[in-house]
Amino acid sequence: MAKIAIIYYSATGTTYQLARAVEEGAKQAGAEVRVLKVRELAPDEAIASNAGWSSHRLETQDVPEATLADLEWADGIILGAPTRYGMPAAQLKQFIDTTGPLWGQGKLVNKIASAFTSCATTHGGHESTILALSNTFYHWGSIIVSPGYADPIQFQSGTPYGTSFVSQNGSLSPDETALSAARFQGKRVAEVTDMFLGGKK
């Protein structure tokens, strides 16, 4: 059974909803899955000033925070974050920046890896955010598995790099196309991870 860690950051819940859909897909493929958030860096007053942000914080207060031990445990790692100026949100980047000890020991080599994102506007940087996360995977020596166009849903979503959703500045929740694409991405990563583990044996 593949062990998949879905590690995400979400302020108002869009990326969280995608993470849960990714989880559904991975579980459909028989994987053992951990859904983990990264630590919030924003000050309390900033969060309190945004109703969506503060309510989502309460909604996900029981979601465990990711640790380096979760990365070591996982056979496959799926990272998700909203885009900030075409790059991953700082909260996820800060977590990535703590992975040096595992990287130095080669413990992230040959992990299966994939990424997803959300953004506020149509050309707000979803592709560049996923590509930026892929740079991390290159350094780790991980094996990137994109959804590509390996399922009919991908021709509807048009997101071969990884699932993304445009929230129109937070006014929209992920639609069924985005959620189905996220489920497919989770399923594909879990299936490829199983194939890789089987080949290693």
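Residues numbered from 1 in each chain as written. Predicted model: local features only at pLDDT ≥ 70, side-chain atom pairs only at ≥ 80, totals over all residues. Heavy atoms only, no water.

Honestly, the environment of Glu 23 in this entry has me stumped. Any pointers?
By the secondary structure assignment, Glu 23 is in helix 1 (residues 14-28). Along the chain, Glu 23 and Ser 180 lie 157 residues apart, while their C-alpha atoms are 11 Å from each other. (Helix = DSSP H or I, 4+ residues; strand = E, 2+ residues; numbered from the N terminus.)

Explanation requested: the UniProt feature "domain: Flavodoxin-like" (unreviewed entry) in the protein in the structure shown.
Those residues carrying the UniProt feature "domain: Flavodoxin-like" (unreviewed entry) are residues 4-189 in this numbering. Within residues 4-189, the helical portion is 44% and the strand portion 19%, while the C-alpha atoms at the span's ends are 8 Å from each other. (UniProt positions renumbered as here; feature names shortened; annotations may be inferred.)

Sorry if this is basic, but what is going on with the packing of helix 1 against helix 9 (residues 176-200) here?
The packing of two helices is summarised by the inter-axis angle and the distance between the axes. Where helix 1 meets helix 9, the axes come as close as 6 Å, and the angle between the chain directions of the two elements is 45 degrees. Judged by the angle between their axes, helix 1 and helix 9 are oblique. Read as a crossing pair, helix 1 and helix 9 show a hand that is right-handed. Packed against helix 1, whose contacting residues are Gln 17, Leu 18, Ala 21, Val 22, Glu 24, Gly 25, Ala 26 and Gln 28, the element helix 9 presents Ala 178, Leu 179, Ala 182, Arg 183, Gly 186, Lys 187 and Ala 190 at the interface. Broken down by class, the residue content of the contact of helix 1 with helix 9 amounts to eight nonpolar, four polar and three charged. (Axes fitted to C-alpha atoms, helices over the stretch in contact; angles between N-to-C directions. Parallel < 35°, antiparallel > 145°, perpendicular 65-115°, else oblique. Left-handed = near helix turned anticlockwise from the far one by under 90°. Contact = heavy atoms within 4.5 Å. Nonpolar A, V, L, I, M, F, W, Y, C, P; charged D, E, K, R; others polar.)

Got a minute to help me understand the packing of aromatic side chains in this structure?
Any aromatic ring pair is given by two values, namely how distant the centres are and how the planes are angled relative to each other. Scanning the entire structure with this criterion turns up three aromatic pairs. Note on Tyr 8 and Tyr 16: the rings are 5.7 Å apart at their centroids and 45 degrees apart in plane angle, and the pair reads as tilted. Between the aromatic rings of Phe 137 and Trp 140, the centroid separation amounts to 5.9 Å while the plane-to-plane angle is 55 degrees, which identifies the pairing as tilted. Of this pair, Phe 137 and Trp 140 both sit in helix 7 (residues 126-140), three residues apart, roughly one helical turn. A relative accessible area of 5% places Trp 140 in the buried class. When the ring centre of Trp 73 is taken as origin, the NZ or CZ atom of Arg 34, which lies over that ring, is 3.8 Å away. (Phe/Tyr/Trp six-rings, centres within 6.5 Å; stacked < 30°, edge-to-face > 60°. Buried < 20%, exposed > 50% of the residue type's maximum accessible area, 1.4 Å probe, protein only. Lys NZ or Arg CZ within 6 Å of the ring centre and 35° of its normal.)

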